[in-house]
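# A closer look at the structure
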Amino acid sequence: MKKIYLDYAATTPTDPEVMAAMEPYYFERFGNASSLHAYGQEAKKALEDSRQTLADFIGAKPEEIVFTSGGTESDNFALLGAAYALEKKGNHIITSAIEHHAITEPAKFLEKKGFKVTYLGVDKDGLVSGDDLKKAITDKTILISVMHANNEIGTLQPIDQLGKIAKEKGIYFHTDAVQTLGHIPINVDQLNVDLLSLSAHKFYGPKGVGALYIRKGTRLETFLRGGDQERGRRASTHNTTGIVGLAKAIELCQKTMESEIKFQSALRDRLIKEIPLKVPEVRLNGHPQKRLPNNVNFSIKYIEGESMLLSLDMLGIACSTGSACTSSSLEPSHVLLAIGLDHATAHGSLRITLGRFTRESDIDYFLEKLPLVVQKLRAMSPLYERKNP
Ligand SMILES: *Cc1c(COP(=O)(O)O)cnc(C)c1O
């Protein structure tokens, strides 16, 4: 049977070149980067070279990079770290209604601890408005966190403009760039951000490693306490192997980004054009233009996303309904509700995300199978029967 992976937003395969770069650091170069002997110094050099590669890629200085265990830790570090460092200054945080759980859960935790959190709504395409942000700011606001691109519907936020509003008020601005880093160009100065989260497994690096960019002068309470790694900002022995993999993945993205954007957005636009022609009564979710080059999200009316996912899986096609975290619960995705979908429509969403190893023939196969799956499921759907007796 054919096997087609169309779920790159959930995770990406490790690029073979990344794996090759990492391998020596599991074996002959296994040293602890904090050790003084030659093994340690070899690991330390690899660590600092990797830090430089990432810093150069996003227009930062190496000392502004802290390596972490991934996107979730970076998001938690930014939110909790800023909240506890600045709690004497103010207790108000602003974020959006469509953030990843790695932001909304720590935000809810902070609410329990006495902080006030404003969740900015979005328009029907998933965009946060600068005017709404301005209105929400008070003299107690210490942090604003808005994601660069949404992992479910792919909408790209105008972070440069939102960041500028924060900058003018002297408020820290964080962005979760886990879906964009390595996929579209990023420069921390152009984006006007003080804090930026990223994760290697979303751009062909290994799982369990990421980083938080912390602009010089930004005060953050330490997250993991222990040894004095990362200038005392994040204790624990460096995951040198993973960090070397992250840097190699960045190098590859740097080389291929331009052509991948072109190729993937052409496939994306083909799906956006052809799905409604082959499947009646669908709705595109997310902004029609301001969206990730690899993201397609449709609500397919009268059927359940879950059944669609499983039927496609039986044909060897892997995609997603909502996000991986929401698909295992019965609550529809908070992102789809925030853009105004009713519960039934939100339950019937299908996310297709493309990547480096997607081929035109994969899209042909998908477009051949999807209408058959939808037809079969609609034939069994009481909702569909009521609508089309
Ligand atoms: C995947 C993802 C995360 C979590 O990153 P992990 O490295 O898996 O912890 C956070 N935010 C967004 C937008 C993501 O897509």
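Rules behind the numbers
Residues numbered from 1 in each chain as written. Predicted model: local features only at pLDDT ≥ 70, side-chain atom pairs only at ≥ 80, totals over all residues. Heavy atoms only, no water. Helix = DSSP H or I, 4+ residues; strand = E, 2+ residues; numbered from the N terminus. Rg over C-alpha atoms; globule rule 2.2 N^0.38 Å. Buried < 20%, exposed > 50% of the residue type's maximum accessible area, 1.4 Å probe, protein only. Contact = heavy atoms within 4.5 Å. Areas by Shrake-Rupley, 256 points an atom, 1.4 Å probe, with all protein chains shown as cover. Lys, Arg positive; Asp, Glu negative; His and termini not counted. Charge placed at Lys NZ, Arg CZ, Asp CG, Glu CD. Pairing = 2+ DSSP bridges. Axes fitted to C-alpha atoms, helices over the stretch in contact; angles between N-to-C directions. Salt bridge = Lys/Arg side-chain N within 4 Å of Asp/Glu carboxyl O. Patch = residues over 30% accessible without salt bridge, like charges linked within 9 Å, V, L, I, M, F, W, Y side chains within 5 Å. Arc of directions from axis to C-beta. Near = heavy atom within 4 Å. Polar contact = N/O pair within 3.5 Å; in protein donor to acceptor, adjacent residues only side chain to side chain. Nonpolar A, V, L, I, M, F, W, Y, C, P; charged D, E, K, R; others polar. Domains from an automatic or database assignment. Buried area = accessible area lost by both parts, 1.4 Å probe. Left-handed = near helix turned anticlockwise from the far one by under 90°.

Across its full length, the protein holds 12 helices and 12 strands. Here the C-alpha atoms of the protein give a radius of gyration of 22 Å, agreeing with the 21 Å that 2.2 N^0.38 yields for 389 residues. With the C-alpha coordinates aligned to their principal axes, the bounding extent of the protein is approximately 75 × 55 × 30 Å. Looking at the protein as a whole, 56% of its 389 residues are labelled buried. Long-range pairs, those at least 24 residues apart, make up 74% of the contacts in the protein between residues at least 6 apart in sequence. Accessible surface for the protein amounts to roughly 17000 Å². Of this, 53% is attributable to carbon and sulfur atoms. Treating the 48 positive side-chain charges of the protein as one cloud and the 47 negative ones as another, the clouds have centres 3 Å apart.

It is worth spelling out the sheet that holds strand β4 (residues 116-120) at this point. Pairing is mixed across the open sheet formed by seven strands, whose spatial order is β2-β8-β7-β6-β5-β3-β4. The open sheet terminates on both sides in strands that have one partner only, identified here as β2 (65-68) and β4. Strand-to-strand twist in this sheet, taken as the mean axis angle between neighbours without regard to direction, amounts to 20 degrees. In this sheet, strand β8 (residues 210-214) lies alongside strand β7 (residues 195-199) in antiparallel orientation, the contact comprising five bridges. Each residue of the ladder has a partner; that of Ser197, found in β8, is Leu212. Lying over the sheet, helix α6 (residues 159-169) contacts β5 (141-145) and β6 (172-176), oriented at roughly 155 degrees with respect to β6.

This part covers the pattern of salt bridges. Summed over the entire model, instances satisfying the criterion amount to 21 salt bridges. For Lys248, the salt bridge identified is with Glu251, shortest N-O distance 3.6 Å. Taken as a pair, Lys248 and Glu251 lie in helix α7 (residues 240-278) at a separation of three residues, close to a single helical turn. Glu251 sits in the partly exposed class, given a relative accessible area of 34%. Through salt bridges that share partners, Lys44, Glu48, Arg51 and Glu230 make up one connected network.

Side chains of Met19, Tyr26 and Phe27 sit close together on the surface and give an oily, nonpolar patch of about 330 Å² of accessible area. Topologically, Met19 is positioned in helix α1 (residues 16-26). The partly exposed category is assigned to Met19, whose relative accessible area is 38%.

Before going further, it helps to spend a moment on the sheet that holds strand β10 (residues 295-300). Taken together, three strands build an open sheet; the order of strands is β9-β10-β12 and the sheet is antiparallel. With partners counted over all chains shown, the strands left at the sheet margins are β9 (282-284) and β12 (349-353), one partner each. Strand-to-strand twist in this sheet, taken as the mean axis angle between neighbours without regard to direction, amounts to 25 degrees. Across the face of the sheet, α7 comes into contact with β9, β10 and β12 while running at roughly 15 degrees to β10.

A few words now on helix α8 (residues 305-314). Those residues of α8 lying buried are Gly305, Met308, Ser311 and Leu312. On an axial view of α8, the arc spanned by its buried residues comes to 130 degrees, and they lie on one face. If you follow the buried residues of α8, they end up packed against β10, β11 (317-318), α10 (343-347), β12 and α11 (360-379). The positive-phi residue at the C-terminal boundary of α8 is Gly316, with phi of around 85 degrees.

A separate point is the site of the ligand. Near the ligand lie 13 residues; those nearest to it are Thr72, Asp176, Gln179, Ser199 and Lys202. Note that an oxygen atom of the ligand is positioned 2.6 Å from one of the side-chain N or O atoms of Thr72. For the ligand, an oxygen atom lies 2.8 Å from a polar atom in the side chain of Gln179. Computed on the free molecule, the ligand has an accessible area of 390 Å², of which 86% lies beneath the protein chains in the complex. If you tally residues by element for the shell around the ligand, the top one is helix α3 (residues 71-85), at three residues. Classifying every residue of the shell around the ligand gives two nonpolar, eight polar and three charged.

For the protein, the assigned domains read domain 1 (4-11 + 257-387) and domain 2 (16-252). For domain 1 and domain 2, the distance between their C-alpha centres works out to 28 Å. Across the boundary between the two partners, domain 1 contributes 33 residues, which contact 32 residues of domain 2. Looking at the side of domain 1 facing domain 2, the largest losses of area belong to Met257, Leu292 and Arg356, adding up to 23% of the total buried there. Linking domain 1 to domain 2 there are zero salt bridges. Connecting domain 1 to domain 2 are 14 residue pairs in polar contact (both at pLDDT 80 or more).

The contact between helix α2 (residues 38-58) and α7 brings their axes to 9 Å, and the two run at 35 degrees. Relative to α7, α2 is oriented so that their crossing is left-handed. Contacts between α2 and α7 involve Ala43, Ala46, Leu47, Ser50, Thr53, Leu54 and Phe57 on the former and, on the latter, Thr240, Ile243, Val244, Leu246, Ala247, Ile250, Glu251, Gln254 and Met257.

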